[in-house]
Amino acid sequence: MDEIDERIVWELCREGRLPNKELAERVGIAPSTCLARVRALVENGVLRSFHAQPDWASLGLPIEAIVAVRLKAQARAQIKTYAQRVVTLPNVLDVFFLGGADDFLIHVACTTTGQLRDFVATELSMDSSVASTQTNIIFDHLIGVEHMAAGGSWAEVRQAVGS
């Protein structure tokens, strides 16, 4: 991966539906070259998917939360099966498997705080392998690369964090 590939990835992270012609202009290469590079990035697994980021509130799910889940010590062998079950639940948007005190962070969207409470109580906490849950309501969700300046690069991100 060279600097041009990094800029392509950066721009597509900011706007996944960017037309090839505009992407090529932003990166400073010919559209045919840009298309070939994007295809290579997909084939090499650098770009795994292009997806929509819905406004959950406009879909009737205005309550978002992050639920930290800690499994019982004796349930550590069930970590993968727990994650596989939870990720299929209707309100679950993302499941993050962690190292540290908590085993999972589960991002959910619900219609009401009552639905959130019931979901956590019945779908997450009632599992016999769960030791504890902690629910945090999300007030706003900002996605970093969507708010960064156009033409940025991963090198700038690495430099900003001092690596």
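Residues numbered from 1 in each chain as written. Predicted model: local features only at pLDDT ≥ 70, side-chain atom pairs only at ≥ 80, totals over all residues. Heavy atoms only, no water.

## Here's the deal with the layout of surface pockets
A volume near 200 Å³ is recorded for the second largest pocket. Lining the second largest pocket are 14 residues, with D55, W56, E64, D140 and H141 sitting closest to its centre. A breakdown of the residues in the lining of the second largest pocket according to their chemical character gives eight nonpolar, two polar and four charged. (1 Å grid on protein atoms, 1.4 Å probe; cavity = no way out; pocket = protein on both sides within 12 Å on 5 of 7 lines; lining within 4 Å. Points joined across faces, edges and corners; volume = space filled by probe spheres on them. Nonpolar A, V, L, I, M, F, W, Y, C, P; charged D, E, K, R; others polar.)

## Regarding the pairing of strand β2 (residues 92-97)
For β2 and strand β3 (residues 104-110), the ladder comprises five bridges, and the chain directions are antiparallel. Bridge pairing links F96 to L105 in β3. The turn linking β2 back onto β3 is made up of six residues, and G100 within it adopts a positive phi angle of 125°. (Pairing = 2+ DSSP bridges. Helix = DSSP H or I, 4+ residues; strand = E, 2+ residues; numbered from the N terminus.)

## As for the nonpolar core
Formed by 21 residues in total, the largest nonpolar core has its most connected members in V69, L71, Y82, F104, I106, V108 and L124. Of all the secondary-structure elements, those providing two or more residues to this core are β1 (63-71), α4 (79-86), β3 and α5 (113-124). The biggest single contributor to this core is β1, with five residues. Apart from residues lying up to four places away in sequence, V69 is in contact with Y82, D102, D103, F104, I106, V130, S132 and T133. L12, L18, L23 and L47 belong to the second largest nonpolar core, which has twelve residues in total. (Core = buried A, V, L, I, M, F, W, Y, C linked by side-chain atoms within 4.5 Å. Buried < 20%, exposed > 50% of the residue type's maximum accessible area, 1.4 Å probe, protein only. Contact = heavy atoms within 4.5 Å.)

## A closer look at the side chain of S129
Relative to the assigned elements, S129 resides in the loop between α5 and β4 (130-138). On the accessibility criterion, S129 (3% relative accessible area) is buried. With near-sequence residues (within four places) excluded, S129 lies in contact with L71, K72, A75, Q78 and Y82.

## Structural notes on the sheet that holds β1
Here four strands make up an open sheet; going across it, the order is β2-β3-β1-β4 and the pairing antiparallel. Across the chains shown, the open sheet's two edge strands, defined by having one partner strand only, are β2 and β4. The mean angle between the axes of side-by-side strands here comes to 20°, regardless of whether they run parallel or antiparallel. Where α4 meets the sheet, its contacts fall on β1, β2, β3 and β4, and the angle it forms with β3 comes to roughly 15°. Against the sheet, α5 touches β1, β2, β3 and β4, its axis set at about 160° to β4. (Axes fitted to C-alpha atoms, helices over the stretch in contact; angles between N-to-C directions.)

## Focus: the side chain of E64
Structurally, E64 can be placed in strand β1. Buried and without a salt bridge, E64 has R48 as its closest oppositely charged side chain, separated by 18 Å. Looking at E64, its side chain comes within polar contact range of the side chain of H107, at 2.6 Å. Not counting chain neighbours up to four residues away, the residues in contact with E64 comprise W56, L93, H107, V108, A109, N136, I137, I138 and H141. (Lys, Arg positive; Asp, Glu negative; His and termini not counted. Salt bridge = Lys/Arg side-chain N within 4 Å of Asp/Glu carboxyl O. Polar contact = N/O pair within 3.5 Å; in protein donor to acceptor, adjacent residues only side chain to side chain.)

## A look at the pairing of β3
Taking burial as the measure, the seven residues of β3 include six buried ones, the bulk of the element. Where β1 and β3 come together, seven bridges link them in antiparallel fashion. Directly across from I66, in β3, lies its bridge partner H107.

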